[in-house]
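# Results of the structural survey
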Amino acid sequence: FFKMNNMGEMILDHYQKYLGEFIGAEPYSDNEHQIQLLGFDKAIENSLLFATLGLSKYSESINNCCEVIMATDSDYDQCAEIFMNAIFYVVSNKMNFGRGVLIDGIDNIFEGFSKQHNKVAVYFTESYVLPENFSIIEGKCKVYMGFLVSQNEVDYVKKYGCEQFEEILEEKDVDVINIDRRSVI
């Protein structure tokens, strides 16, 4: 398997407590950074949940000690690639990471996927799909979640901000795990 520091073990324990056992682990890297992607199939019914392990090592680059999850109900392999592509974009560009961060351009790299599902970006926010205690690990490390959004949603977030966007999602009780969901805007 892979070498882990205490932080890594703490994160993994936390994941397994809330998400169950992981069914796979893939190492991703971009020459400078390496992050594991874990897959959990029991965390959310009829979905595969991806979770980063090792993003927290780059907390100084992104001004946030955190890991990120993304759950999806289909097209797992492509979603994993898109998710990690966005994560590495954040790290390599030393972006200030947190709620409301949008990484667009899926349509340039994964054109077929983007057309098929009408999604062009990954949107990051607090991980509200799981119990509240899940979103902070031992008071040290936050867990955010990502999900896919449409071009109209991207434009809306850029214009009105994440609070208003998330209010609409809540009002309409949107299932963000469903990658074929209709755009709320």
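Up top is the structure.
Below is a short write-up of the structure. Remember, predicted model here, so these are calculated numbers, not experimental data. (Residues numbered from 1 in each chain as written. Predicted model: local features only at pLDDT ≥ 70, side-chain atom pairs only at ≥ 80, totals over all residues. Heavy atoms only, no water.)

## A few points about a negative patch on the surface
Applicable threshold: Patch criteria: residues need more than 30% relative accessible area and no salt bridge. Like-charged residues are merged within 9 Å; nonpolar side chains of Val, Leu, Ile, Met, Phe, Trp and Tyr are merged within 5 Å. Surface accessibility in these figures is a Shrake-Rupley result with a 1.4 Å probe; residues are shielded only by whichever protein chains are displayed. Salt bridge criterion: a side-chain nitrogen from Lys or Arg within 4 Å of a carboxyl oxygen from Asp or Glu. The convention is simple: Lys and Arg are positive, Asp and Glu are negative, and His and the chain ends are not counted. To locate a charge, take atom NZ for lysine, CZ for arginine, CG for aspartate or CD for glutamate. Each helix is a run of DSSP H or I of at least 4 residues and each strand a run of E of at least 2, with the numbering of both proceeding from the N terminus.
There is a patch of like negative charges on the surface, built from Glu167, Glu170, Glu171, Asp173 and Asp175. As for its placement among the helices and strands, Asp173 is situated in the segment after helix 7 (162-171).

## Some thoughts on the packing of aromatic side chains
As a reminder of what qualifies: Ring pairs shown here join Phe, Tyr and Trp side chains whose ring centres sit within 6.5 Å, with only the six-membered ring taken for Trp; geometry is labelled stacked below 30 degrees between planes, edge-to-face above 60, and tilted in between. For every residue, the accessible area (1.4 Å probe, protein chains only) is compared with the maximum for its type, and the residue is labelled buried under 20%, exposed over 50%, or partly exposed between those bounds.
Here the structure, examined in full by the defined rule, presents 9 aromatic pairs. Ring centres of Tyr18 and Phe134 lie 5.6 Å apart, and the angle between their planes is 70 degrees; this geometry places the pair in the edge-to-face category. Of the two residues, Tyr18 is situated in helix 1 (residues 6-19) and Phe134 in the loop between strand 6 (121-126) and strand 7 (136-137); the sequence distance between them amounts to 116 residues. Classification of Tyr18 as partly exposed rests on a relative accessible area of 23%. With a centroid separation of 5.1 Å and an interplanar angle of 80 degrees, the aromatic rings of Tyr123 and Phe165 are classed as edge-to-face. With Tyr123 in strand 6 and Phe165 in helix 7, this pair connects stretches of sequence that are 42 residues apart. In this structure Tyr123 comes out as buried when scored by relative accessible area, which is 0%.

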